Amino acid sequence: MTRTARLWSLVGLAGFFLLPWYMVPGGFWSFGWLGDLSGQGASAFVQALGGRIWLLGPGLAALAALALASLRLSPVTQARGWLLAGACGLVLLAGQGLLILGNGPRLAALGEVSQPGMGAGAFVVAIALLFVLTTGISALGRGRGDAFVTGLVGLIVSLVGVFVFYPMAFVLVQAFELKGGAGFGLSEVVPRFFASETWSFACLTGRGYCGPAVNSLVLAVLTGLGTTTLGLSFALIFTRTDFRAKPLLRVLTILPIITPPFVIGLALILLFGRAGTVTEFFSDAFGWEKTRWLYGFWGVWLAQMLSFTPIAFLVLIGVVEGISPSMEEASQTLDANRWQTFRRVSLPLMRPGLANAFLLGFIESLADFGNPLVLGGNFNVLSTEIYFAIVGTVADPAKAAILSMILLAMTLGAFVAQRTWLGKKSYATVTGKADNGQHASLNPGLKWACYATALPWAAFTLVVYLLIVFGSFVKLWGYDHSFTLQHYKQAFGLVLRNGVHFTGSAWDSYFSTLTIAAISAPLTAAVGLATAYLLVRQKFAGKDAFEFSTMLSFAIPGTVIGVAYVMAFNFPPIELTGTAIILILVFVFRNMPVGVRGGIAAMSQLDKSLDEASIMLGANSFTTLRRVILPLMGPAILAAVTYSFVRAITSVSAVIFLVSARHNMATSFIVGRVENNEYGIAIAYSTVLIVTMLVAILSLQAIIGRRRLRRTDRVAV
């Protein structure tokens, strides 16, 4: 503990004395601040000597922690000292950042002072003081006295607090605003929350439309059930059958999540719209009346099923693979047939995966913005109502905040229901013991049920994506099908003269998007899987509340997240608007829950005896995580990295308010082309992105590899 506290104290002092405390022009990595060490690029120590004495507090706290680590004191005294030094330093750092803004202090007593946003020095000192504090906590015996565990808990709690709760507070506080701008209060919150126009059940009686809350809830439940069913069917085909076209099926299962916004909706309109290809065929062949059935509940549900089934599949395939064949063999040895073995043994062991797949589908449906916007028609849902409350002709931030609270309440309800259904049973099947690795095959009835469910859906997916590719090579999809390459030339033109010159209009956004996605994806996976490790493997106070808090950013529509980040990070103490960092952060904490849920589902199958054996052999928690648990988490890692990478490329609602001229994103570019009626360029760009992400996903799969839990992964015939 002493060595850890000393190390982090020295890191904090280095940040205090050597690094620029405030944000510097051009960014930290331009190193332009090295030529301005007495100005804005100065360290906190130099700034304090220049009159900003309030900056001394964090530095003195780090110095006190170093002194405690160097003195010969009792372990309890040292631990309490580190705890006090870290806490006081963080309070002083946060206090001076929140009270003194760029345009002056919040309190008149502070005088005429101001300061810019915090920079690299403040970040390093804050991290160092946080780990000094957690080291003190572990030295007092909390977290089983493991500095790694307490440090990880402290880090993730702090990150969620700063980048989820802090920005969301700026939006949710609007829910308490009184009408007419007469201040804030509680008198109007409950009436607005339970407003009849929001919770109307009129559609169930045939007397009108249901309210957006009812629509969202019904849609989310059916989407969660549908995506989980399809995801399980695909996972069983991959792991329990000898289906020959598995590589093609694998590609078709991941295509929807690598599709840019509005493309699926546009493809469905051109297929099933009033003038769509399929509609015209049935009208001409059978005399069926052309209707607008696609614009409403069924159209949105169909698009969401296409969009979110891959998430369920990515979660469930690792869970299905993780079931030990020895348990299935034991069942068959006791004269159970293959159906009884699946129903009584295999399926119950899949419950964590099924619950997490449903929860993700449910929450994704609630927060989905693009599909209801394109196909919703008169079918209003909460996400679109929130969007129009923010950007409509008459902005109503209080209404948007109330509707966001309803979304959070639904998410909390689904979360509690999931925890209740799973209970406290053990689902561990990977214990480290050897087995022959032969999974029980499916009985014929179940196998053909999976085929009948998954294969038509895969064929439908293939048709949709062939149409998307076709649309990129015609002049005007749906009207003029003359072949052309003009859309690709405009977007991705190249000139090979004295080198390669990228003349296409899409190149800047393409390279920016790939760079930001490549940075955010591993960070998202790391934060998500580390959180899953804490939730499954560790015990600490407030764990249930902590687990729910990790789902908040996923439940709120991306539009609200984007607005919240603009409101929170457009001024000191954390000033990030217009930078690439804010885009990376919104992707990390928006997509983190997928890594958390996938990690929980996969880690629930790993028996804790694996950890105990490692620790008994002298390994600490970090070594056990790195050498034992992570190698068994291949599918969860692949799911987290894959999903976060593609969502960083395809997300539109969360970034539409955050892009800048220097950091434009592909989805923003596509939306701009759609608004200008340049559909060909938008579809061509989408096709290039789909191919790019498909290559990236297959490369990730090859790099991470397939998890080998046993000597062979054959399926018993």
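Residues numbered from 1 in each chain as written. Predicted model: local features only at pLDDT ≥ 70, side-chain atom pairs only at ≥ 80, totals over all residues. Heavy atoms only, no water.

We now examine a nonpolar patch on the surface. A surface patch of nonpolar side chains, amounting to about 480 Å² of accessible area, comprises Phe-17, Leu-18, Phe-45, Val-46 and Leu-49. Mapped onto the nonpolar patch, the elements with two or more residues apiece are α1 (2–18) and α2 (44–49). The leading source of residues in the nonpolar patch is α2, at 3 residues. Within the secondary structure, Leu-18 is located in helix α1. (Patch = residues over 30% accessible without salt bridge, like charges linked within 9 Å, V, L, I, M, F, W, Y side chains within 5 Å. Areas by Shrake-Rupley, 256 points an atom, 1.4 Å probe, with all protein chains shown as cover. Salt bridge = Lys/Arg side-chain N within 4 Å of Asp/Glu carboxyl O. Helix = DSSP H or I, 4+ residues; strand = E, 2+ residues; numbered from the N terminus.)

The omega angle of the peptide bond from Pro-572 to Pro-573 is 15°, so this bond is cis rather than trans. In this fold, Pro-573 is placed in the loop between β7 (570–571) and β8 (574–575).

The subject of this paragraph is the side chain of Arg-537. Inspection of the secondary structure puts Arg-537 in helix α21 (residues 507–537). Beyond its immediate chain neighbours, meaning those up to four positions away, Arg-537 contacts Arg-144, Met-603, Leu-606, Asp-607, Lys-608, Asp-611 and Ile-629. (Contact = heavy atoms within 4.5 Å.)

On inspection of all chains with the given rule, the structure shows 7 cavities of 30 Å³ or more. The calculated volume of the largest cavity comes to roughly 440 Å³. Together, 27 residues line the largest cavity, and Phe-308, Asp-368, Asn-371, Arg-647 and Thr-650 are the ones closest to its centre. Going through the elements one at a time, α10 (263–272), α12 (297–321), α15 (351–367), α16 (370–375) and α28 (634–650) are the ones with two or more residues in the lining of the largest cavity. (1 Å grid on protein atoms, 1.4 Å probe; cavity = no way out; pocket = protein on both sides within 12 Å on 5 of 7 lines; lining within 4 Å. Points joined across faces, edges and corners; volume = space filled by probe spheres on them.)

Glancing now at the nonpolar core. If you look at the biggest cluster of nonpolar residues, it comprises 168 residues, and the most contacted ones within it are Ile-258, Leu-268, Met-350, Ile-468, Tyr-565, Met-633 and Tyr-685. In terms of residue count, the dominant contributor to this core is α12 (16 residues). Not counting the four nearest positions on each side in its chain, Ile-258 is found in contact with Val-646, Thr-650, Ile-690, Met-693, Leu-694 and Ile-697. In terms of nonpolar packing, the next biggest core, distinct from the first, is built from 14 residues, Leu-13, Tyr-22, Leu-66 and Leu-129 among them. (Core = buried A, V, L, I, M, F, W, Y, C linked by side-chain atoms within 4.5 Å. Buried < 20%, exposed > 50% of the residue type's maximum accessible area, 1.4 Å probe, protein only.)

We now examine the pattern of salt bridges. If you walk through the whole model with that rule in mind, you get 3 salt bridges. One salt bridge connects Glu-385 with Lys-399, and the closest N-O pair in it is separated by 3.7 Å. With Glu-385 in helix α17 (residues 382–391) and Lys-399 in helix α18 (residues 397–422), this pair connects stretches of sequence that are 14 residues apart.

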